[in-house]
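Each chain, letter by letter, is given below.
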Amino acid sequence: MSSAADALFHGPQQFFAAQLPHSLAELMKDALFNGEMMSADVQALRQALIQEWQGRHAQLWQRMLNTDKDQSLPPVVSASVGDRRFAHPAWTESRPHDYLWQAYLLNAEYLQRFAAIAPEGREKKKTVFLARQIMDAMAPSNFIATNPEFIQTALETQGESIRQGIQNLIDDLEKGRISMTDEAAFDVGRNLATTPGAVIFENALMQLIQYSPQTKKVAARPLLIVPPCINKFYILDLQPENSLVRYAVAQGNTVFLVSWRNVNATLGHLTWDDYVERGPLTAIRVMQKLCGVAQVNALGFCVGGTILSSALAVARQRGEDPVASLTLLATLLDFSDVGEIGYFVDEQSVAAREASIGKGGLLPGRELSAVFSALRANDLIWQYVVSNYLKGKKPVAFDLLYWNSDATNLPGPFLAWYLRHMYLENSLRIPGKLEMCGVKADLGRVDMPVFLLACREDHIVPWKTSYLGRHVLGGKSQFILGASGHIAGVINSASKNKRSYWKNDRETKDADEWLATATEVKGSWWPRWAEWLSIWGGDKISAPRRLGSAEFSVIEAAPGRYVKEKA
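Caption draft 1: How the structure looks around empty space enclosed by the protein. Summed over the entire model, instances satisfying the criterion amount to two cavities of 30 Å³ or more. Here the largest cavity defines a volume of roughly 50 Å³. Classifying every residue of the lining of the largest cavity by side-chain character gives six nonpolar, four polar and two charged.

Shown next as structure tokens:
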């Protein structure tokens, strides 16, 4: 008799233990059940959890054995809110599948609870993360043999879903990634990134776009937007109804935007200093000349905000003061807690990057995209495995997911330096510790007024860590906490006016204390930011009649060539 069959005859606990992959079994043994380093109280708590887990499984087992075939009973365990993996009636219409999904959820629940009582520290958090990753991958919904929806769909389509699922898999293997949206539905410049404008400057690393005015009068100080270089800029200019770029233009700003190059092998030598000097600092100098101003306003998003803040620290150290106000959206300046992405960054992994591409080379965009997808595996991996391959469906058109799949390469020296000095050593927050562009940088000298937005459910830039940035910078800051995550919290259109944000004029040291006394405001944060920005825009002047100038002539229409380059 096989080990699995033997375990089955000895009870459900042994049966499900026999089905665990080796990696999970080792994790549970070494990271979760190893009692050598535990206190007596922790060992007792874990033993109690094991007994409770066994009891819940026995309850489920008895429920299945003692229930009449046509009798329906409430489940022993329920899926969490928003988990739709087992919502289809097929999971409860079949007795084996009804048992299977509940047993899986019980295992997932208790594995997380075991991990959660590990000693506090980074290893505990990493164990909780790893446990979730493994259990997400093990879900019975992910496999042909254990997903009743696969069987039902195949019967209903007379096998067509199987044929189409195989074809979808072949197509994605050729792409090297999982399809998340109907990519034929979108075209950058046609129905994405359509805010009118023109490229008026370019170098090997970036194009600078100037957008056409939409108002007769504009603020004298133009606005520079610096998006992240790890993604394409058009997350800020998806479609007219959810474009932050278009909104900023409509508020009476002359808007410029850095469109980063999707670097190829010939640019694999670029460094952090190159991005600082040839990105924001160059863009600001062009804007100063073109608009005839001493200062501009500037906005940075995610790592774009980190690059922009670094650039301003360099400028201040050089005795320059080129920015009147700074807006940072979901940006880290203090990297003391970077959330789950930090589990991919340790001394060993960074040293490996430094050895392989630190002196030159590329991190392929698909690899970076895979890391971010792994942080939300059920949403960004497994649901598409089930839908595309098991059910043979084609993904629906969704602009945000098209952007998410439009990967961007990174130069190795830039990436290795960023991981080492920001994520591992957290040096940017320490005055004078980092040398950038030939000077010792001090964010405390970045002393202009600052508007900071963080997002409460952000899994890439934890909001409490982002909050620490207001104490690193030298200027007076206004902090706003948006609802939702890293993207949805930022791209919260004023026209749709959904979700909410929290405000608090108190500048407390502690993020939790700030939130405890904050006021929730329904709707988008965009109007509040626009009102704040208008204070620093200077006088109103007539909008420019044409884009560019004699010195900076129009090169091509927005969105330009660089954003269309594929990884």
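There's more to say after this.
Caption draft 2: Up close: the pairing of strand β5 (residues 255–260). A large share of β5 lies buried, amounting to six of its six residues. Pairing analysis gives five bridges linking strand β2 (residues 206–211) to β5, with the strands arranged antiparallel. Each residue of the ladder has a partner; that of Q210, found in β5, is F256. Bridge analysis of strand β4 (residues 223–226) against β5 gives three bridges, and the strand direction is parallel. Bridge assignment links I225 to a residue of β5, and that residue is L257. In this view, the connection linking β4 to its parallel neighbour β5 by way of helix α10 (residues 244–250) has right-handed handedness.

Caption draft 3: Local environment of helix α8 (residues 148–156). Buried residues of α8: P148, E149, F150, T153 and A154, and no others. In the core, the buried residues of α8 are packed alongside α5 (90–93), α6 (95–116), α9 (160–175) and α15 (377–390). Near the N-terminus of α8, the side chain that reaches the backbone nitrogen of E149, with its oxygen 2.8 Å away, is that of N147. Directly after α8, the chain includes Q158, whose backbone phi takes a positive value near 55°.

Caption draft 4: Quick peek at the pattern of salt bridges. Applying the stated criterion across every chain, the model contains 31 salt bridges. Here R113 ties to E109 by a salt bridge, and the two come within 3.4 Å at their closest N and O atoms. Note that R113 and E109 are positioned in helix α6 at a spacing of four residues, about one turn of the helix. Of the residues examined, R113 reaches a relative accessible area of 31% and is grouped as partly exposed. Exposure remark for E109: the relative accessible area of 27% places this residue in the partly exposed category. Its salt-bridge partner being E277, residue R285 comes within 3.1 Å of it at the nearest N-O pair. Judged by relative accessible area, R285 falls into the partly exposed class, the value being 33%. Residue E277 is classed as partly exposed on the basis of its relative accessible area of 21%. One network of salt bridges, in which partners are shared, links E52, R56, E109 and R113.

Caption draft 5: Just the sheet that holds β4, in detail. Pairing is mixed across the open sheet formed by 11 strands, whose spatial order is β15-β14-β13-β12-β7-β6-β4-β5-β2-β1-β17. The strands lining the two open edges of the sheet, one partner per strand, are β15 (519–522) and β17 (556–557). Direction of pairing for strand β13 (residues 477–482) relative to strand β14 (residues 500–503): antiparallel, over a ladder of three bridges. Counted as the bridge partner of L481 is W502 from β14. Against the sheet, helix α11 (residues 272–291) contacts β1 (197–202), β2, β4, β5, β6 (296–301) and β7 (323–329), and its axis sits at roughly 35° relative to β2. Sheet strands touched by helix α21 (residues 526–535): β4, β6, β7, β12 (450–455), β13 and β14. Its angle to β7, the strand with the most contacts, is close to 165°.

Caption draft 6: Expanded view of the pairing of β12. For β12, a buried count of six out of six residues is recorded, marking the element as mostly surrounded by other parts of the structure. The side-chain alternation of β12 yields two buried faces, one formed by V450, L452 and A454 and the other by F451, L453 and C455. Sheet topology places β12 next to β13; six bridges connect them, and they run parallel. Bridge pairing in β13 places A454 opposite L481.

Thresholds applied
Residues numbered from 1 in each chain as written. Predicted model: local features only at pLDDT ≥ 70, side-chain atom pairs only at ≥ 80, totals over all residues. Heavy atoms only, no water. 1 Å grid on protein atoms, 1.4 Å probe; cavity = no way out; pocket = protein on both sides within 12 Å on 5 of 7 lines; lining within 4 Å. Points joined across faces, edges and corners; volume = space filled by probe spheres on them. Nonpolar A, V, L, I, M, F, W, Y, C, P; charged D, E, K, R; others polar. Buried < 20%, exposed > 50% of the residue type's maximum accessible area, 1.4 Å probe, protein only. Helix = DSSP H or I, 4+ residues; strand = E, 2+ residues; numbered from the N terminus. Pairing = 2+ DSSP bridges. Right-handed = clockwise from strand over helix to strand, strands pointing away. Contact = heavy atoms within 4.5 Å. Polar contact = N/O pair within 3.5 Å; in protein donor to acceptor, adjacent residues only side chain to side chain. Salt bridge = Lys/Arg side-chain N within 4 Å of Asp/Glu carboxyl O. Axes fitted to C-alpha atoms, helices over the stretch in contact; angles between N-to-C directions.

In short, shape yes, function no, at least from these values alone.
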